[in-house]
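So the chains spell out like this:
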Amino acid sequence: MNSIRVRLGVLGLALLTGFTTPTAASAAQAAPSPTVEEQRLGRAAPQEILRRSGFDTAAPRLARALEGARSYGEARRAVGREGARLWRRAVDRAQGRGPAGGDLSRDDDRPLYWARLGMTRDVRTWEPEFGLTEGQRAALLDELERTSRGQDAIRYPHGKGMKRILLTGFDPFTLDRDIRISNPSGATALALDGTVIETADGPARVETAVFPVRWQDFTDGTVERALRPHLPKVGLFTTVSQGRVGRFDIERTNGAWRGGFGDNDTVGRTETVPVSDPASQPQWTTTTLPYAAITAAQTGRFPVYDNTSVTEIPAGGTEPVVRPDGPTPGSTARAGGGGDYLSNEIAYRATLLRDRLGLHGTLPGGHVHTPVLQFAPGNTTEVTDPEFVRNRLDIIAQVRAILRVAAEAS
């Protein structure tokens, strides 16, 4: 029998690579240790979240499938099948289909996050009798990431008469600050995937995907790979992430700079955002979302702002300067309206892709920052509480209302 062996000794940072075609001539490699992100899985809060949602069965199910695999091809099929099953199960749970699996609120995004980490840990540390090359293991992990995040499940109905909206969310992050954290953008993606919003101009179908909070995945082009097939075919897109306390922001400008903050693997990057064809790379990209209409509308209990501020090094200067009204000509980016972390970067990458596809003047798209999802005052230990759930549901509902306004104004 093949075995799943999780080794908790020396901590290794195993970063995902893009899809590669394994070669039979490559020698089998020893399985790496779990990543920093995967190591957190053993703590009490993640285990409680998995148990109270029923998602504690996902990783063991994949482990059994891998134990039964007699070849790399069988393993690849099992990983793709179980990754897609996890995404569909999370979407169904969020939208009220099927069993809840426990008493955790259905709108919670964290069961998907922690279950996926259990599955990636199993794939990363699996040592089958037939052996795996480094490229084969990377391809299995890539398959699992894409399928369990909905990135390859974006499907719109054929025919005319229905507008197409694409929305992306993120995993929880800053988990060493509070392991209980949920990300309302990920919860929104689960709640809205495949749903239809009725607008004054007719129905609009929403399709979603979720992205990791890891610099290396973005360097490897995960955003462009997932979005490129769909941007020419949609009528509206928005990347979404968690931002400031008590407010939504429509980010006017995105900057080509990584500010160095540690990601979910505690890796930092301080550099220009790495993209293909850097010679033509702009320092700034801009939203084409109808921000004036969105900020003027009554979409929910949180105020919505048109955020125009950036941080730049002015042309000929050497020190960063905050510009409340956007960048000046010839300046170098140090932070977009959404900062210098991965929320700014996904907005930059998505809008740069829009522009490189020649869609700037025809495709509304940009970034929405949600309020920080907060627990009830005084709750420093429980994984959930009624105010926490209410805040998340209100944020989800308001994003949906923002999409409706944006669709009608586009």
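Residues numbered from 1 in each chain as written. Predicted model: local features only at pLDDT ≥ 70, side-chain atom pairs only at ≥ 80, totals over all residues. Heavy atoms only, no water.

### Structural notes on the overall build of the protein chain
Put simply, the rule reads: Helix numbers and strand numbers start at the N terminus; a helix is a DSSP run of H or I with at least 4 residues, a strand a run of E with at least 2. C-alpha atoms define the radius of gyration, and 2.2 Å times the number of residues to the power 0.38 defines the globule rule. The cut-offs for exposure are 20% and 50% of the maximum accessible area for each residue type, with area from a 1.4 Å probe on protein chains only; residues under the lower value are buried, those over the upper are exposed, and the others partly exposed. It only takes one pair of heavy atoms within 4.5 Å for two residues to be counted as in contact.
If you tally the helices and strands in the protein chain, you get 12 helices and 16 strands. For the protein chain, whose C-alpha radius of gyration is 21 Å, the value lies close to the compact-globule estimate of 22 Å for 410 residues. Along the first, second and third principal axes, the C-alpha atoms of the protein chain reach 60 × 50 × 50 Å. Considering the protein chain as a whole, with its 410 residues, one finds that 56% of them fall into the buried category. Considering only contacts within the protein chain whose residues lie at least 6 apart along the sequence, 78% involve residues at least 24 apart.

### Let's talk about the pattern of salt bridges
Rules: Take a side-chain nitrogen of Lys or Arg and a carboxyl oxygen of Asp or Glu: if they are within 4 Å of each other, that pair is a salt bridge.
On inspection of all chains with the given rule, the structure shows 39 salt bridges. In this structure, Arg 349 engages Glu 224 in a salt bridge whose closest nitrogen and oxygen atoms are separated by 2.8 Å. Of this pair, Arg 349 sits in helix H11 (residues 342-356) while Glu 224 is found in helix H9 (residues 222-227), placing the two residues 125 residues apart along the sequence. The salt bridge partner of Arg 349 is Glu 345, with a shortest N-O separation of 2.8 Å.

### As for the sheet that holds strand S15 (residues 332-335)
Strand pairing in a sheet takes place through backbone hydrogen bonds and is either antiparallel or parallel in direction. To be explicit about the condition: Should DSSP find at least two bridges between two strands, the strands are taken to pair. Interaxial angle, 0 to 180 degrees, is taken between N-to-C directions of lines fitted to C-alpha atoms, where a helix line uses only the stretch in contact.
Pairing is antiparallel in the open sheet, where three strands are placed in the order S14-S13-S15. A strand with exactly one partner marks an edge of an open sheet, and here the two such strands are strand S14 (321-323) and S15. Direction aside, neighbouring strands of the sheet carry axes that sit 45° apart on average.

### Examining helix H2 (residues 44-51)
Of all the residues in H2, the buried ones are Ala 45, Pro 46, Glu 48, Ile 49 and Leu 50. On its buried side, H2 packs onto helix H5 (110-125).

### Some thoughts on the packing of helix H3 (residues 58-67) against helix H4 (residues 72-94)
Here is the rule: Small angles under 35 degrees read as roughly parallel and large ones over 145 as roughly antiparallel, with 65 to 115 read as roughly perpendicular and the rest as oblique. Each crossing is labelled by how the near helix is turned from the far one, with a counterclockwise turn of less than a right angle marking it left-handed and a clockwise turn marking it right-handed. When residue character is reported, Ala, Val, Leu, Ile, Met, Phe, Trp, Tyr, Cys and Pro are called nonpolar, Asp, Glu, Lys and Arg charged, and the others, Gly included, polar.
Where H3 contacts H4, the two axes come as close as 9 Å, and the packing angle between them is 165°. By the criterion of interaxial angle, the relationship of H3 to H4 is roughly antiparallel. The chirality of how H3 crosses H4 is right-handed. Contacts between H3 and H4 involve Ala 58, Arg 61, Leu 62, Ala 65 and Leu 66 from the former and Ala 75, Ala 78, Val 79, Arg 81, Glu 82, Arg 85, Leu 86 and Arg 89 from the latter. Its residues assigned to classes, the contact of H3 with H4 comprises eight nonpolar, no polar and five charged.

### What about the environment of Asp 142?
Inspection of the secondary structure assignment puts Asp 142 in helix H6 (residues 134-148). Asp 142 gets classed as buried once you look at its relative accessible area, which sits at 5%. C-alpha of Asp 142 to C-alpha of Gln 283: the two residues are 141 residues apart in sequence and 30 Å apart in space.

### Some remarks on the side chain of Thr 174
Tracing the backbone through its elements, the reader meets Thr 174 in the loop between strand S3 (163-170) and helix H7 (184-192). Residue Thr 174 is classed as buried on the basis of its relative accessible area, which comes to 18%. With near-sequence residues (within four places) excluded, Thr 174 lies in contact with Ile 181, Phe 261 and Asn 264.

### Quick notes on empty space enclosed by the protein
Defined as follows: Of the two site types, the cavity is a set of points on a 1 Å grid over the protein atoms alone where a 1.4 Å probe fits but cannot get out, and the pocket is an open set with protein on both sides within 12 Å along at least five of seven lines, each lined by residues with an atom within 4 Å of a point. Grid points are joined across faces, edges and corners, and a volume is the space filled by probe spheres set on the points.
Throughout the structure, instances matching the rule amount to three cavities of 30 Å³ or more. Contributing to the lining of the second largest cavity are Asp 109, Leu 112, Tyr 113, Arg 116, Phe 170, Asp 171, Pro 172, Gly 186, Leu 190 and Val 210. Counting residues per element, the ones that place at least two in the lining of the second largest cavity are H5 and H7. In terms of residue count, H5 provides more of the lining of the second largest cavity than any other element does, three residues in total. The class makeup of the residues in the lining of the second largest cavity is six nonpolar, one polar and three charged.

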